[in-house]
Amino acid sequence: MTTPSDAPTENAMRRALRRARDGVALDAAEAAVLLQARGEALTDLAASAARVRDAGLAAAGRPGVITYSRKVFIPLTRLCRDKCHYCTFVTVPGKLRRDGHGMYLSPDEVLDIARKGAAMGCKEALFTLGDRPEDRWPEAREWLDAHGYDDTLAYVRAMAIRVLEETGLLPHLNPGVMSWSELQRLKPVAPSMGMMLETTATRLWSEPGGPHHGSPDKDPAVRLRVLEDAGRSNVPFTTGVLIGIGESYEERAEAFFELRRIQRSYHGIQEVIVQNFRAKPDTAMRGMPDAELEELAAAIAVARHILGPSARIQAPPNLVDAEYALLIGAGIDDWGGVSPLTPDHVNPERPWPHIEELAARTAAAGFELRERLTIYPEFLQRGEPWLDPRLLPHVRALADAETGLADESAAVVGRPWQEPDEGFAAYGRTGTGRTDLHTAIDTEGRTTDRREDFDHVYGDWEALREAAAPGMVPERIDTDVRAALAQAAEDPEKLTDAQALALLHADGPALDALCRIADDLRKSVVGEDVTYIVTRNINFTNVCYTGCRFCAFAQRRTDADAYTLSLDQVADRAAQAWDVGAVEVCMQGGIHPDLPGTAYFDIARAVKQRVPGMHVHAFSPMEVVNGATRTGMSVRDWLTAAKEAGLDSIPGTAAEILDDEVRWVLTKGKLPAADWIDVVSTAHELGIRSSSTMMYGHVDQPRHWLGHFRTLARIQERTGGFTEFVTLPFIHTNAPVYLAGISRPGPTVRDNRAVTAMARLLLHPHIPNIQTSWVKLGSEGAAEMLRSGANDLGGTLMEETISRMAGSSYGSYKSVQDLVAVAEAAGRPAKPRTTLYGEVPQERQQAARASDGHLPELLPVLD
């Protein structure tokens with residue numbers, strides 16, 4: 001049933017149809033009008049939609065082809081924490097027991113279905129299940145505990161691997177609402193995933209009596225977030241709209257526009273299902289009228305016009321009462337999954353058509369029916385990062401090499417799924433690619449200022465400009481700055497948010513006063529010493545497909561500047577650093593798709609074996625999450641294993657700004673703020689300390705800085721695990737988000753002074769050490785920050801590639817004497833420290849003085 005709207009006038013319908021015929025972009029009002037097209041108006045609408053579809057198929061290289069996937073349906077569990085009023089798939093534990101079923105299908109039951117499907121030529125295993133049943137049903141929790149699974153998704157992951165290895169079918173996972181980190185867990189085991197959006201009509205979820213009332217996972221905002229997270233994670237994703245559940249035509253149109261918005265931003269929606277509501281007995285909505293087929297056809301045609309020619313639009317063939325020609329004519333190009341073995345467990349009263357009949361009906365409408373895989377050809381042809389390397393052999397074995405569709409003659413047999421056995425061994429003794437980049441960046445520079453895939457790898461730049469615009473608008477600050485300065489001097493812990501925001505905007509004499517207050521506080525808390533550490537940066541690879549829009553370091557494996565070090569090279573560099581007095585190596589790298597999640601353990605172990613006394617400060621929270629998801633371990637277990645392998649502390653990088661409004665402009669696929677907080681908090685609980693950081697001066701404003709500081713202070717109050725706070729001014733020169741004209745060209749001197757001073761005040765007394773970055777600010781800039789509340793200069797680095805790739809002009813290392821000179825320029829003494837701000841052993845100090853803290857072969861400092 002559709003909520004009644006005022007019927008459109010004939011004039012409104014004629015105008016909307018004309019705009020559709022002319023290929024003009026429809027607005028929401030016109031789409032709502034066209035959703036009501038019937039009779040001749042529907043024929044007109046469908047004809048223009050079909051032309052759009054045909055153009056898209058021709059561009060995709062398969063004109064006249066409508067696809068389907070030969071699948072089996074694996075109902076892993078029919079328990080669910082939601083209470084949708086139209087659903088017959090979901091049941092309760094008592095009924096399962098009465099019918100002789102377990103709370104979940106057993107592994108044997110899963111594999112029996114999959115093996116039978118493989119024998120019948122199926123290539124997709126569709127895993128369908130209720131959302132998080134263990135949150136509602138104790139029986140589900142007991143089953144998972146008894147079988148050794150932390151949660152339902154852990155069981156999904158395990159069964160997907162077994163289906164891949166033992167049957168060869170390709171899993172398509174529909175586990176419902178997932179978080180960003182859960183998508184990372186499942187991506188390595190499934191070529192595609194899905195979740196129906198269904199509707200954006202919040203009232204159908206929030207109001208009593210609505211079809212989704214009482215179902216926490218059916219909040220449209222939650223479901224839209226899943227679609228965005230899937231796009232950020234480069235997961236080929238299936239979604240769709242369910243029509244006729246009580247939404248208005250305007251709300252229906254809004255759902256299609258939301259899907260278009262997300263697709264423009266991330267290019268991750270591989271197909272959109274337009275499904276008609278069918279009332280079922282024994283449900284709360286059993287008396288609701290079905291969505292009529294003309295209404296479905298109009299929705300398909302409008303979806304085609306809104307989503308465009310490149311969209312793949314599907315209608316389930318068992319719900320259309322054999323009106324195949326009507327829906328083909330309206331613009332579909334896919335029939336979805338069809339099973340020769342298993343019923344449609346969601347619509348059990350509607351059997352699948354025989355594939356031969358579907359082919360004949362499709363041919364009668366002038367199209368050829370072709371089998372596809374669960375991952376669409378476009379995503380298979382895109383390659384990395386859309387398909388995990390561990391899945392590539394499984395998919396290629398079943399795909400036609402020319403079209404990317406299914407090879408119908410391919411043998412469906414199990415193949416191994418595992419982390420690459422060789423790990424770092426694949427990179428030999430000398431690594432691969434431009435492994436001298438750590439020195440060559442200072443002489444030869446980078447090969448180009450941007451990657452060849454710049455125009456599409458980061459998402460849609462125009463959509464990003466729209467998203468960034470609200471956050472870039474400065475706020476008017478009316479708070480009395482003088483009163484705020486007085487409060488900061490008296491007791492900075494009592495600064496209100498309004499006062500802090502006023503001080504973050506301070507300029508001129510007020511800024512000078514702020515910096516003096518911060519510097520006085522610094523003197524009283526940590527004294528006059530300017531600390532520094534003799535350390536070496538080791539960036540073990542720059543191959544990365546995360547899609548951070550501020551990062552000029554990441555390269556595809558085929559790019560001219562790409563490299564990966566071998567374990568021997570990592571250990572050699574650590575040993576060289578030890579010889580010249582280093583007490584720490586700081587190791588971070590790109591999210592390389594070929595490196596297993598255990599590679600991080602190998603890196604830490606290699607350093608500790610070569611240099612047992614070296615402190616291993618390594619692996620950002622993003623790398624921690626990558627390692628955990630690739631191994632299937634929890635973050636806690638992975639960090640525990642990393643600590644056992646030699647990890648001593650972690651850098652608090654990958655924080656950028658801990659506000660997702662900003663993060664999702666800055667980065668496509670990096671971990672959300674909540675996951676960053678979870679990783680560092682877990683590390684602290686395990687006794688693994690970390691630094692904390694903030695990168696600023698891009699698409700942010702002082703209000704975001706304030707929120708970031710408050711978040712760090714709360715974490716530190718709870719865990720006490722941060723060793724310092726590091727200011728990271730944005731280096732804009734080669735940053736994609738700047739080259740695309742979206743970000744500012746880095747922070748101003750005013751910004752740098754205000755951020756440093758307010759870090760001192762707002763993090764007091766929780767984080768006593770405030771570090772400034774000579775790499776990003778140069779010697780004079782760093783000295784100025786030492787007069788504005790900072791007390792630490794960071795490290796000698798010995799090599800620095802990330803900022804230099806971004807365009808920093810301040811070189812890749814500083815000698816000990818260089819750092820001492822920066823401190824002296826600020827009128828202060830310098831003192832070496834350890835990672836944890838302890839005393840440096842005399843033997844280490846002597847080695848550093850003898851070499852001046854740098855390697856003989858390093859090049860002169862650029863300053």
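Now for a description of the structure that goes with this document. Everything numeric in this text was worked out from a predicted model, so none of it was measured. (Residues numbered from 1 in each chain as written. Predicted model: local features only at pLDDT ≥ 70, side-chain atom pairs only at ≥ 80, totals over all residues. Heavy atoms only, no water.)

**Topic: the overall build of the protein chain**
Short version of the rule: Under the DSSP-based scheme used, a helix requires at least four consecutive residues in state H or I and a strand at least two consecutive residues in state E, with every element numbered from the N terminus. Computation of the radius of gyration draws on C-alpha atoms alone. For the globule rule, the value is 2.2 Å times the number of residues to the power 0.38. Remark: exposure states derive from per-residue accessible area (1.4 Å probe, protein chains only) relative to the maximum for the residue type, with buried under 20%, exposed over 50%, and partly exposed in between. Per-residue and other accessible areas were derived by the Shrake-Rupley procedure at a 1.4 Å probe size, with only the shown protein chains allowed to occlude residues.
Counting secondary structure elements, the protein chain contains 35 helices and 21 strands. Relative to the compact-globule value of 29 Å for 863 residues, the protein chain shows a C-alpha radius of gyration of 29 Å, a close match. Overall, the C-alpha framework of the protein chain stretches about 85 × 60 × 55 Å when taken along its three principal axes. Expressed as a percentage of the 863 residues in the protein chain, the buried residues total 63%. Counting every atom, the protein chain has about 30,600 Å² of accessible surface; 51% of that belongs to carbon and sulfur.

**A short note on the packing of aromatic side chains**
This is how the line gets drawn: Side-chain rings of Phe, Tyr and Trp, where Trp is taken by its six-membered ring, are said to pair if the distance between their centres is within 6.5 Å; with planes under 30 degrees apart they count as stacked, over 60 as edge-to-face, and otherwise as tilted. Two thresholds decide whether a charge sits over a ring: the Lys NZ or Arg CZ must be within 6 Å of the ring centre and within 35 degrees of the ring normal.
Under the counting rule described, the total for this entry stands at 16 aromatic pairs. With a centroid separation of 4.8 Å and 55 degrees between ring planes, the pair formed by Y149 and Y155 is classed as tilted. Grouping residues by exposure puts Y149 and Y155 together as buried. An aromatic cluster is defined as three or more aromatic residues linked by ring pairs; in this entry it consists of F540, Y600, F601, F619 and W638. Above the face of the F379 ring, R382 is positioned so that its terminal group lies 4.2 Å from the ring centre. One cation-aromatic arrangement involves R844 over W578; the distance from NZ or CZ to the ring centre is 3.6 Å.

**A look at the pattern of salt bridges**
Where charged atoms from two side chains of opposite charge come close, those side chains can pair. Condition: By definition, a salt bridge exists where a carboxyl oxygen of Asp or Glu is found within 4 Å of a side-chain nitrogen of Lys or Arg.
Counted according to the given criterion, the structure contains 54 salt bridges. We note a salt bridge from E378 to R312, for which the minimum N-O separation is 3.2 Å. Highlighted residues: E378 in helix α15 (residues 377-382) and R312 in the loop between α12 (293-307) and β7 (313-314), separated in sequence by 66 residues. Residue R522 is joined to E528 by a salt bridge in which the shortest nitrogen-to-oxygen separation is 2.9 Å. What makes R522 buried here is its relative accessible area of 2%. Among the charged side chains, a salt-bridge network with shared partners connects R62, R304, R312, D333 and E378.

**Here we look at the packing of helix α10 (residues 220-232) against helix α11 (residues 249-266)**
In plain terms, the rule: The angle between two axes is taken between their N-to-C directions and runs from 0 to 180 degrees, where each axis is a line fitted to C-alpha atoms and a helix contributes only its stretch in contact. Roughly parallel covers angles under 35 degrees, roughly antiparallel covers those over 145, roughly perpendicular covers 65 to 115, and oblique covers all other angles. Helix crossings get a hand from a simple test, with the near helix turned counterclockwise from the far one by less than a right angle marking a left-handed crossing and a clockwise turn marking a right-handed one. Throughout, a contact is declared for two residues whenever any of their heavy atoms are within 4.5 Å.
Between α10 and α11, the shortest axis-to-axis distance is 9 Å and the interhelical angle comes to 20 degrees. If you check the angle between α10 and α11, you find them roughly parallel. Classified by chirality, the crossing of α11 by α10 is right-handed. Of the residues in α11, those touching α10 at L224, L227, E228, G231 and R232 are E258, L259, R261, I262 and Y266.

**Quick look at the side chain of S69**
Here S69 lies in strand β1 (residues 65-77). For S69, a relative accessible area of 1% gives the class buried. The contacts of S69, once residues within four sequence positions are left out, are E124, G336, G337, V338, R372, L373 and T374.

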